[in-house]
Amino acid sequence: MTRPITLFTGQWADLPFEEVCRLAAEWGYDGLEIACWGDHFEVDKAVADDSYVERKLETLAKYDLKVWTISNHLVGQAVCDHPIDERHKGILPARIWGDGEPEGVRRRAAEEIKDTARAAAKLGVQTVVGFTGSSIWHTLAMFPPVPPSMIEAGYADFAERFNPILDVFDEVGVRFAHEVHPSEIAYDYHTTVRTLEAIGNRPAFGLNWDPSHMVWQGLDPAGFILDFADKIYHVDCKDARVATRDGRRGRLASHLAWADPRRGWDFVSTGRGDVPWEECFRALNHIGYDGPISIEWEDAGMDRLHGAPESLAYIRSLNAITPPDAAFDAAFSSES
């Protein structure tokens, strides 16, 4: 099973798009998962100007790279979030933030995600990865006491806001792959089930599998693949390491910055953390996943120019673990 390995450009948005293309090609990546921020892919320009999309494709072709996925996490975060505050102002384009009035921000963000589907279709891409935000994430501690009706209202709010977005995805033949992640409407196993149920399990909405956010929560990332086999629309390879428990380093990380040794967990270069990668790749093989394998490189304690090529070599070796062909499988079954 030959799956292309791509580099997610989100952590590289401080560099010009062409420079990221040059680096990725030099290291041996097959393509990019292009982030919709920095100058990497600007949705408003892509929708308004066909030549903008053509120029992006020409740049990719210049470096013999392809694109299967674009990602718009930052704008997607504002679709359902509550509260909307200065954190969002720091990540949103000024035209989406506007005057900062929360409901206006949410509505503009929703329209931008619709346009992201349209821009993806123009680019020839069938999957958009992103976040949803959540109106109920702030209730996580369940104190002050949270009535069940408040949680139900959160899922209803998500469905009300995302169903019209997904209607556009259906119209243009593109799928949304939600990244299961803390601060989103779906952040673990049970919230993923509830999220899918809230929108009637419609095919336009699936999942971006990223195990880094699962290991520190105590979830089984390989089991997640098997449980949601028909909804794994995209794969991001990002790693995390849980610190040795010393009675002080808590799992919620204590509001400490990345790479602070007092944290209870941290992101690390792919292959250097606690993700059971081989088990996960065998699970991907089992469900027949044949889409791109995207390396989302993030490690505040390592030089990315070293980490990104190192991660590629590591994931390439795992990607080579292929399921047996039909002849071998038949012979093995007859012997047993």
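Further up the page is the structure itself.
These numbers were taken from a predicted model, which means no experiment stands behind them.

**Student:** Honestly, the side chain of Asp 236 in this entry has me stumped. Any pointers?
**Tutor:** Within the secondary structure, Asp 236 is located in strand β7 (residues 232–237). Despite its burial, Asp 236 remains without a salt bridge, the nearest opposite charge being carried by Lys 238 at 7.8 Å. Among the polar contacts listed, one links the side chain of Asp 236 to the side chain of Asn 208, at a separation of 3.1 Å.

**Student:** Looking at this structure, how should I read the pattern of salt bridges?
**Tutor:** Side-chain pairing between opposite charges can occur once the charged atoms of the two side chains come close. Under the counting rule described, the total for this entry stands at 26 salt bridges. Among the salt bridges present, the one from Arg 248 reaches Asp 246, with a minimum N-O distance of 3.6 Å. Residues participating in the shared-partner salt-bridge network are Glu 103, Arg 106, Arg 107, Asp 157 and Arg 161.

**Student:** Can you help me understand unusual backbone geometry in this one?
**Tutor:** Trans peptide bonds make up the majority, and among non-glycine residues the majority have a negative phi. For the bond running from His 82 to Pro 83, omega is 0°, close enough to zero to count as cis. The residue Pro 83 is located in the loop between α4 (73–80) and α5 (86–89) in this model. With omega at 0°, the peptide bond leading from Phe 143 into Pro 144 counts as cis. Note on placement: Pro 144 falls in the loop between β4 (127–130) and α8 (148–172). A positive phi angle, close to 55°, is found at Asp 64, a residue other than glycine. Examined against the element boundaries, Asp 64 turns out to sit in the loop between α3 (50–62) and β3 (66–71).

**Student:** So what exactly am I meant to see when it comes to the layout of surface pockets here?
**Tutor:** Which parts of space are left empty comes out when a probe the size of a water molecule is rolled across the atoms. Quantified by volume, the largest pocket comes out at close to 1,300 Å³. For the largest pocket, the lining is made up of 39 residues, of which His 181, Pro 182, Ser 183, Glu 184 and Trp 258 are closest to its centre. The set of elements that each furnish at least two residues to the lining of the largest pocket consists of α4 and β9 (265–268). Among the elements that take part in the lining of the largest pocket, α4 stands out by supplying 3 residues, more than any other. Tallied by class, the residues present in the lining of the largest pocket amount to 17 nonpolar, 13 polar and 9 charged.

**Student:** Just to check I follow, could you spell out the packing of aromatic side chains for this structure?
**Tutor:** To describe a pair of aromatic rings, you give the distance between the ring centres and the angle between the ring planes. Using the criterion set out here, one finds 18 aromatic pairs in the structure. On the basis of an interplanar angle of 80° and a centroid distance of 5.0 Å, the ring pair of Trp 137 and Tyr 187 is categorised as edge-to-face. Residue Trp 137 is found in the loop between β4 and α8, and its partner Tyr 187 is found in the loop between β5 (175–179) and α9 (189–198); the two are separated by 50 residues along the sequence. Its relative accessible area of 18% is what places Tyr 187 among the buried residues. Geometrically, the ring pair formed by Phe 176 and Phe 205 is stacked, given 5.7 Å between the ring centres and 25° between the ring planes. Here Phe 176 is found in strand β5, whereas its partner Phe 205 is found in strand β6 (residues 205–209), with 29 residues between them in sequence. Here Phe 176 falls in the buried class, since its relative accessible area comes to 0%. An aromatic cluster is built from Phe 158, Phe 162, Phe 169, Phe 176 and Phe 205, whose rings are joined through pairwise contacts. In this structure, Arg 263 is placed above the aromatic ring of Trp 265, and the distance from its NZ or CZ to the ring centre is 4.9 Å.

**Student:** Looking at this structure, how should I read the pairing of strand β1 (residues 5–8)?
**Tutor:** Consecutive residues of a regular strand have side chains that alternate between opposite faces of the sheet. Side chains of β1 alternate between two faces, with Ile 5 and Leu 7 and Thr 6 and Phe 8 buried alike. In the sheet, β1 pairs with strand β2 (residues 31–35) via 3 bridges, with the strands oriented parallel. Counted as the bridge partner of Leu 7 is Leu 32 from β2.

**Student:** Please clarify how the sheet that holds β5 should be interpreted in this entry.
**Tutor:** The 8 strands lie next to each other as β1-β2-β3-β4-β5-β6-β7-β10, forming a closed barrel whose pairing is parallel. Ignoring which end each strand starts from, the neighbouring axes of this sheet average 30° apart. Sheet topology places β1 next to strand β10 (residues 293–295); 3 bridges connect them, and they run parallel. Looking at β10, one finds that Ile 5 is bridged to Ile 293. Across the sheet, helix α1 (residues 17–27) touches β1 and β2, and the angle it forms with β2 is around 150°.

**Student:** Hey, could you run me through the environment of Arg 282 in this one?
**Tutor:** Counting through the fold element by element, Arg 282 comes out in helix α12 (residues 277–287). Taking C-alpha positions, Arg 282 is 29 Å from Gly 124, a pair spaced 158 residues apart along the chain.

**Student:** Is there a simple way to explain α3 in this structure?
**Tutor:** Every α-helix carries 3.6 residues per turn, so stepping three or four residues along brings you back to the same face. If you check α3, its first and last C-alpha atoms are 19 Å apart, about what 13 residues at 1.5 Å a residue would give, namely 18 Å. All of the buried residues in α3 are Tyr 52, Val 53, Lys 56, Thr 59 and Leu 60. An end-on view of α3 places all buried positions within 120° of arc, on one side of the element. Exposed and oriented more than 90 degrees from the buried face of α3 are Glu 58, Ala 61 and Lys 62. On its buried face, α3 is in contact with α1, β2, α2 (43–48), β3 and α7 (102–123). One or two positions beyond α3, positive phi appears at Asp 64, with a value near 55°.

Parameters at a glance
Per chain, the residues get numbers from 1 upward, laid out in the order the sequence is written. Two thresholds apply to this predicted model, a pLDDT of at least 70 for residue-level local features and 80 or more for giving and counting side-chain atom pairs, whereas whole-chain, interface and lining totals are computed over all residues. Side-chain metrics rest on all non-hydrogen atoms present in the structure, leaving aside hydrogens and water. Runs of E in the DSSP output that reach at least two residues are strands. Runs of H or I that reach at least four are helices, and both are numbered from the N terminus. Summary of the burial criterion: residues with accessible area below 20% of their type's maximum are buried, those above 50% are exposed, and those between are partly exposed, where the area comes from a 1.4 Å probe applied to protein chains only. The positive count covers Lys and Arg only, the negative count covers Asp and Glu only, and His and the chain ends enter neither. Salt bridge, as applied in this entry: a Lys or Arg side-chain nitrogen positioned within 4 Å of an Asp or Glu carboxyl oxygen. By the criterion applied in these results, polar contacts are pairs of N or O atoms within 3.5 Å in which, for protein atoms, one can donate a hydrogen and the other can accept it, and in which residues neighboring in sequence qualify only through two side-chain atoms. Buriedness of a pocket was judged along seven lines, with at least five required to meet protein on both sides within 12 Å; pockets are open sets of points on a 1 Å grid over the protein atoms alone, cavities are sets where a 1.4 Å probe fits but cannot get out, and lining residues have an atom within 4 Å of a point. Grid points are joined across faces, edges and corners, and a volume is the space filled by probe spheres set on the points. Each residue gets one label: Ala, Val, Leu, Ile, Met, Phe, Trp, Tyr, Cys and Pro are nonpolar, Asp, Glu, Lys and Arg are charged, and the others, such as Gly, are polar. Working definition: a ring pair exists when centres of Phe, Tyr or Trp rings (six-membered ring for Trp) sit within 6.5 Å. Plane angles under 30 degrees give stacked, over 60 give edge-to-face, the rest tilted. Our definition puts a charge over a ring when NZ of Lys or CZ of Arg is within 6 Å of the ring centre and also within 35 degrees of the ring normal. Paired strands, in this sense, are two strands between which DSSP finds at least two bridges. Axis lines are fitted through C-alpha atoms, for helices just across the contact stretch, and the angle between N-to-C directions can take any value from 0 to 180 degrees. Contacts were defined at the residue level, with two residues in contact if any of their heavy atoms lie within 4.5 Å. Every helix has an expected span of 1.5 Å times one less than the residues it contains. The reported arc concerns the directions from the helix axis to the C-beta atoms and nothing else.

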